[in-house]
Amino acid sequence: MNTGILIIAHAPLASALRECVLHVYPESAAGVLALDVHANDATEATHQAVIRLLEQLRAPNTLVLTDVFGATPCNVAQKVVDGVHSRLVAGVNLPMLLRALTYRDKGMDILLQRARDGGRDGVFNVLDH
């Protein structure tokens, strides 16, 4: 089975990224979930929501993507990611997410490398003046 992907980010980024990636890969809807964290959300409520979404994915392995290292989405994710069946990458962007979907059946180590590469390689100067 493919690796599940959970996006946790400041609202409305997580849902927006999910919608964008499902535009390209609509068949992946069940395997890609998103949690938007609002400014007034209690940390414990966010923690419980993450646990529910991980259970909902029902994947043997899960890649959790967050927006900013050190912010609430990442801090909450760090409490539930075990480093074995679930892994965490901060700094999510659309190229990273697209790459992750492309490689989610290749095993976690390859998936992590390709996702990070996609995130990094998706940022470049288009026009230098």
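Residues numbered from 1 in each chain as written. Predicted model: local features only at pLDDT ≥ 70, side-chain atom pairs only at ≥ 80, totals over all residues. Heavy atoms only, no water.

A.B. asks: Explanation requested: the nonpolar core in the structure shown.
C.D. replies: Within soluble globular proteins, side chains that are nonpolar tend to cluster in buried spots. I5, I7, L63, L65 and L97 are the most contacted members of the largest nonpolar core, which totals 20 residues. Looking at this core, the elements with two or more residues in it are strand 1 (4-10), helix 1 (13-24), strand 3 (62-66), helix 4 (94-103) and helix 5 (108-121). (Core = buried A, V, L, I, M, F, W, Y, C linked by side-chain atoms within 4.5 Å. Buried < 20%, exposed > 50% of the residue type's maximum accessible area, 1.4 Å probe, protein only. Helix = DSSP H or I, 4+ residues; strand = E, 2+ residues; numbered from the N terminus.)

A.B. asks: Please explain the pattern of salt bridges as it appears in this structure.
C.D. replies: Between side chains of opposite charge, pairing is possible as soon as their charged atoms come close. In this structure the tally under the stated criterion is four salt bridges. We note a salt bridge from E19 to R18, for which the minimum N-O separation is 3.9 Å. With its nearest N and O atoms 3.0 Å apart, the salt bridge here joins R120 to D121. Residue classification places R120 among the exposed positions, given a relative accessible area of 52%. For D121, a relative accessible area of 40% gives the class partly exposed. Within this structure, D117, R120 and D121 form a network of salt bridges that share partners. (Salt bridge = Lys/Arg side-chain N within 4 Å of Asp/Glu carboxyl O.)

A.B. asks: Can you help me understand the sheet that holds strand 2 (residues 32-37) in this one?
C.D. replies: Backbone-to-backbone hydrogen bonds pair the strands of a sheet. The strands run either parallel or antiparallel. Judged by pairing direction, the sheet is parallel, and its four strands sit side by side in the order 2-1-3-4 without closing on themselves. Each having just a single partner strand, strand 2 and strand 4 (86-90) make up the two edges of the open sheet. Adjacent strand axes in the sheet meet at a mean angle of 20 degrees, parallel and antiparallel pairs treated alike. Of the strand pairs in this sheet, strand 3 and strand 4 are connected by five bridges, and their pairing is parallel. Along strand 4, the bridge assignment pairs T66 with A90. Seen against the sheet, helix 1 touches strand 1 and strand 2 and runs at an angle of roughly 155 degrees to strand 2. (Pairing = 2+ DSSP bridges. Axes fitted to C-alpha atoms, helices over the stretch in contact; angles between N-to-C directions. Contact = heavy atoms within 4.5 Å.)

A.B. asks: How should the environment of K106 be read in this particular structure?
C.D. replies: As for its placement among the helices and strands, K106 is situated in the loop between helix 4 and helix 5. When the C-alpha atoms of K106 and T3 are compared, they prove to be 8.7 Å apart, with 103 residues separating the residues in sequence.

A.B. asks: Please explain helix 5 as it appears in this structure.
C.D. replies: One turn of the α-helix equals 3.6 residues, which is why residues spaced by three or four share an orientation. An ideal rise of 1.5 Å per residue puts 20 Å on 14 residues; helix 5 measures up with 19 Å between its terminal C-alpha atoms. Inspection of helix 5 places M108, L111, L112, A115, D117, G118 and G119 among the buried residues, and these make up the whole buried set. Buried residues along helix 5 sit in contact with strand 3, strand 4 and helix 4. (Expected span 1.5 Å × (residues − 1).)

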